[in-house]
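If you want the building blocks of each chain, they are given just below.
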Amino acid sequence: MTARFTIETLASEHDRTGFSSGVEPLDKYFREQVGQDMRRRVTACYVAAEITTSRIAGYYTLAAGNIPLADVPEQLTKRLPRYKTVPIARLGRLAVHLDYRGQKLGGALLWGAMMRAIRSEVAVFALVVDAKDDQAAAFYRHHGFVVFGSLPNQLILSLTNRVIEA
């Protein structure tokens, strides 16, 4: 993917009104709710904006959280302290506008979320997502996430030993 987009924090000057990913709950949240959630500091939102037009091509949200250590797959817990919970970054939503599908923007947004979580001054062990459906779960599994806990579309990606590229 060429440098057609910049990934930046959602700001008031971004026009969210025409965003359409084809998934109404994701679109409605982005158009109507995300600003309030950001002001309340319950999520952060980042957008992929087309450099030449400033049009929003996609977005994702991140929030801090924790999960019970007992829910984490055993292969990921070998070097963790035996605390009851482990800190995570929760990828709340990720969506790509219909006009930008097939350009690997979803993977780029996911990579951006992972890098943001790794570089955060707040320590997090993993990136966690509750995939909305089987297609979304397949997308995350393709990118290295594994199922954990009791829900089939709850996935986790360990951030330990990930290479940080400049």
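For the structure itself, consult the block above.
None of these values were measured; they are calculated from a predicted model. (Residues numbered from 1 in each chain as written. Predicted model: local features only at pLDDT ≥ 70, side-chain atom pairs only at ≥ 80, totals over all residues. Heavy atoms only, no water.)

So, about the layout of surface pockets. Using a probe with the size of a water molecule, rolled over the atoms, empty space left in the structure can be pinpointed. Volume-wise, the largest pocket comes out at about 620 Å³. Residue lining of the largest pocket: 26 residues in total, with L94, V96, R101, A136 and F139 positioned closest to the centre. In terms of residue count, strand β4 (residues 85–96) provides more of the lining of the largest pocket than any other element does, 5 residues in total. Its residues placed into classes, the lining of the largest pocket shows 12 nonpolar, 8 polar and 6 charged. In this structure, the second largest pocket encloses a volume near 450 Å³. In this structure, the second largest pocket is lined by 17 residues; those nearest its centre are A44, Y46, L62, A64 and S120. (1 Å grid on protein atoms, 1.4 Å probe; cavity = no way out; pocket = protein on both sides within 12 Å on 5 of 7 lines; lining within 4 Å. Points joined across faces, edges and corners; volume = space filled by probe spheres on them. Helix = DSSP H or I, 4+ residues; strand = E, 2+ residues; numbered from the N terminus. Nonpolar A, V, L, I, M, F, W, Y, C, P; charged D, E, K, R; others polar.)

In this section: the packing of aromatic side chains. Counted under the stated rule, the structure contains 7 aromatic pairs. Ring centres 5.1 Å apart and planes at 75° place the aromatic pair F139 and Y140 in the edge-to-face group. Exposure remark for F139: the relative accessible area of 25% places this residue in the partly exposed category. Taking 5.3 Å as the distance between ring centres and 65° as the angle between the ring planes, the aromatic pair formed by Y140 and F145 counts as edge-to-face. Among the residues examined, F145 registers a relative accessible area of 3% and is labelled buried. Through a chain of ring-to-ring contacts, three or more aromatic side chains come together here, namely F19, F30 and Y59. The ring of Y29 carries R93 above its face, with NZ or CZ at 3.6 Å from the centroid. (Phe/Tyr/Trp six-rings, centres within 6.5 Å; stacked < 30°, edge-to-face > 60°. Buried < 20%, exposed > 50% of the residue type's maximum accessible area, 1.4 Å probe, protein only. Lys NZ or Arg CZ within 6 Å of the ring centre and 35° of its normal.)

For the rest of this paragraph, the subject is the nonpolar core. Ranked by internal contacts, the top residues of the largest apolar core, which has 28 residues, are Y60, L62, L91, L105, L127, Y140 and F145. Broken down by secondary-structure element, the contributors of at least two residues to this core are β2 (44–50), β3 (56–68), β4, α3 (105–119), β5 (126–130), α4 (134–142) and β7 (154–158). In terms of residues, this core owes the most to one element, α3, which gives 8 residues. Not counting chain neighbours up to four residues away, the residues in contact with Y140 comprise L91, L94, L110, V129, A131, F145 and L155. (Core = buried A, V, L, I, M, F, W, Y, C linked by side-chain atoms within 4.5 Å. Contact = heavy atoms within 4.5 Å.)

Next up on the list: the sheet that holds β5. Spatially, β1-β2-β3-β4-β5-β7-β6 is the arrangement adopted by the 7 strands of the open sheet, whose pairing is mixed. Unpaired on one side and paired on the other, β1 (5–9) and β6 (146–147) mark the two borders of the sheet. Sheet analysis places β3 next to β4, joined by 10 bridges and oriented antiparallel. Counted as the bridge partner of A64 is A89 from β4. Taken strand by strand, helix α1 (residues 24–39) contacts β1, β2, β3 and β4, and its axis lies near 60° from that of β3. Lying on the sheet, α4 is in contact with β4, β5 and β7; it crosses β7 at an angle near 15°. (Pairing = 2+ DSSP bridges. Axes fitted to C-alpha atoms, helices over the stretch in contact; angles between N-to-C directions.)

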